[in-house]
Amino acid sequence: MNIQERLAKVSFFPVKSDFSSLDENQRRALAHCVNASNIMTFIYLEQAFSGNKKLYRELHARSDGEGKNLFKYFLIQGSPWDGCNHDEPFIPGVGERPKFGSFYPADITEDEWNTWLSTHPKDREQFESNYTVIARGNHGLCATLYADAYGDKLCDAAYELKCAAALLPEGSLKTFLELRANAFRSNDYFESDMAWVDTDGNPFEVTMGPYETYFDGMLGLKAAFESFIGLPDKDATSALSKFLPAVPEFDQMLTGEFNFSPKGAAIPLEVIADVIRGGEGVFGVGYVAYNLPNDRRVHEAKGSKKVFSRTMMQAKFDAFALPSVPRLLPTHLRDHCTFQNRLLFVLGHEISHGLGPSKVSVDGREMSFEVTLKDLNSALEEAKADMLGVRLLKHFHDNGLLTDDQLTGIVISEIISAFQGWRAGFTEAHSRGSLIEHNWLRAKNAVRYDSTTGFYDIEPERCLNAMTELSTKFLNLQVAGDYDRAKAFMDQWSSVPAELPEVLERLSDIPMLVSPVWDLSELQ
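Rules used throughout
- Residues numbered from 1 in each chain as written.
- Predicted model: local features only at pLDDT ≥ 70, side-chain atom pairs only at ≥ 80, totals over all residues.
- Heavy atoms only, no water.
- Helix = DSSP H or I, 4+ residues; strand = E, 2+ residues; numbered from the N terminus.
- Rg over C-alpha atoms; globule rule 2.2 N^0.38 Å.
- Buried < 20%, exposed > 50% of the residue type's maximum accessible area, 1.4 Å probe, protein only.
- Contact = heavy atoms within 4.5 Å.
- Areas by Shrake-Rupley, 256 points an atom, 1.4 Å probe, with all protein chains shown as cover.
- Lys, Arg positive; Asp, Glu negative; His and termini not counted.
- Charge placed at Lys NZ, Arg CZ, Asp CG, Glu CD.
- Salt bridge = Lys/Arg side-chain N within 4 Å of Asp/Glu carboxyl O.

Student: How should the overall build of the protein chain be read in this particular structure?
Tutor: When you go through the protein chain residue by residue, the secondary structure sums to 23 helices and 15 strands. Its C-alpha atoms give the protein chain a radius of gyration of 22 Å, within 12% of the compact-globule value 24 Å for 524 residues. Projected onto its principal axes, the C-alpha positions of the protein chain cover 60 × 60 × 50 Å. Residues classed as buried in the protein chain amount to 57% of the 524 residues present. When contacts within the protein chain are restricted to residue pairs at least 6 apart in sequence, long-range pairs at least 24 apart make up 74% of them. By element, 50% of the accessible surface of the protein chain is carried by carbon and sulfur atoms, the whole surface being about 21,300 Å². Distance between charge centres in the protein chain, computed from 52 positive and 74 negative side chains, equals 1 Å.

Student: Would you mind going over unusual backbone geometry with me for this structure?
Tutor: Leaving glycine aside, a negative phi is the common case for residues, and trans is the common case for peptide bonds. Residue Pro203 is reached from Asn202 by a cis peptide bond, and omega for that bond is 0°. Here Pro203 lies in the loop between helix 10 (190-198) and strand 6 (205-210). A cis geometry characterises the amide bond from Leu292 onward to Pro293, with omega recorded as -5°. Relative to the elements of secondary structure, Pro293 occurs in the loop between strand 9 (289-292) and helix 13 (296-301). The backbone of Asn187 sits at a positive phi, close to 75°, despite the residue not being glycine. Within the secondary structure, Asn187 is located in the loop between helix 9 (172-186) and helix 10. Take Asn187: its relative accessible area is 11%, and that puts it in the buried class. Positive phi is not limited to glycine here, since Asn445 has a value of about 60°. Asn445 sits in the partly exposed class, given a relative accessible area of 34%.

Student: Explain the pattern of salt bridges here, please?
Tutor: Note on pairing: side chains with opposite charge can pair once their charged atoms come close. One pass over the structure, following the stated rule, counts 33 salt bridges. Taking the shortest distance from any N to any O, the salt bridge between Arg136 and Asp107 comes out at 3.0 Å. With Arg136 in strand 4 (residues 132-137) and Asp107 in the loop between strand 3 (88-89) and helix 5 (110-119), the pair connects residues that are 29 residues apart, well separated along the chain. Here the salt bridges do not stand alone but share partners, grouping Arg448, Asp457, Glu459 and Arg462 into one network.

Student: I tried to follow the environment of Tyr189 on my own but got confused; where do I start?
Tutor: The residue Tyr189 is located in the loop between helix 9 and helix 10 in this model. For the pair formed by Tyr189 and Pro293, sequence separation is 104 residues and the distance between their alpha carbons is 9.7 Å. Contact partners of Tyr189, with chain neighbours within four places excluded, come to Tyr131, Arg180, Ala183, Phe184, Pro210 and Phe225.

Here it is as structure tokens:
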């Protein structure tokens, strides 16, 4: 596949924000946050591949057509590997994609890691930190704080956030920006994470820092830098917020079933219109929503915040879901796949990331799931959020907040959404989790493939029962903290159904990615 063919699989869409709600100082503050967001992108490129800096410089300098196209695709993928095509390299000579970016020495093995920690137990805290890079020193493995490894860039980002904060009046956003600037220098993100949960998206939303650990394919520990900046969609936020009062009762039910302490009470949410993204947030699949921070200490002390990007969700729904549905579902099920039903599913999914147990006791030591479940944790957590999210939405239905038709539509929309991710392969966390879910539903006769018509028949009531059962399986795997047990379960349910390659081929003319084209001319 040549570079023109790869670019043809991308649906580009313009994003031009309306800044009319902001006064002059707020606009200037937002511009400083945009500058900091761009710095997150350069840090992430360094994290994703040690050779990215050199590739960026070489591709940026090329003036020929192919060079410009390669650079354009590089800025979509964030590396020289094509995440839309099983991580195939699209730039010659780079070899296979590293399993864990540049977070560890290229030749490290998990056995070496485990041996080092068993013989150097005092290193464990820093080595298992989400915010350190592991390298080889004169005396073996050593950990370097992000604040040191990316020090110059983080100091520049901190300066931009301090400038932004100075332009804002006292309030939650100003507090967060000041504390996050301090965290970039100190490497301690707890206080600023706590402060971020208190922000409400006004006058604008800023999410910025090292968060997700998807890219650490060996241990699932190291966090990648990302940023999301957006303007509040107050009407959509109000519409979703009506569900929040029903969440504590559901969480209390889970605490009784799985014997864990309830989380903090804060479950704020925001719907935003994107202004710009940076770091991991701008590359690859493009998140439609997120539940942060991931620090379980914050979850226990305060809670977590959910942010929904209407911009990205609408773009993906239009580009992927609308053309896929007629090729996957019989006529009588198609009308259930609406944008609103998809939004409601994502609501349940993101809230559920903050529900359930968050740590496990192993030999008397409390450990996070990231440590016990390692590379399995991300896929297991995403699958848990899918299935527990549907269970939560059923709770909303039972409390009169959703209709029968809405709940049916949510289930059908979620099942169909998985196909787009599978087109790129089955190893990414969300895609691996959804494959387990699909096979489980097939085994429970809740989803059936008709080889004559080429459509999937879905029985929503059976799906709800099967999804509830599977959510319990996932939660029990997390609580057990047994890596081998979790791996055996996931391997058992991760086979690719025989018809799936042919079904995915039917979707081959649909875009693989959506890519925003940011227009910030009104901010200048």
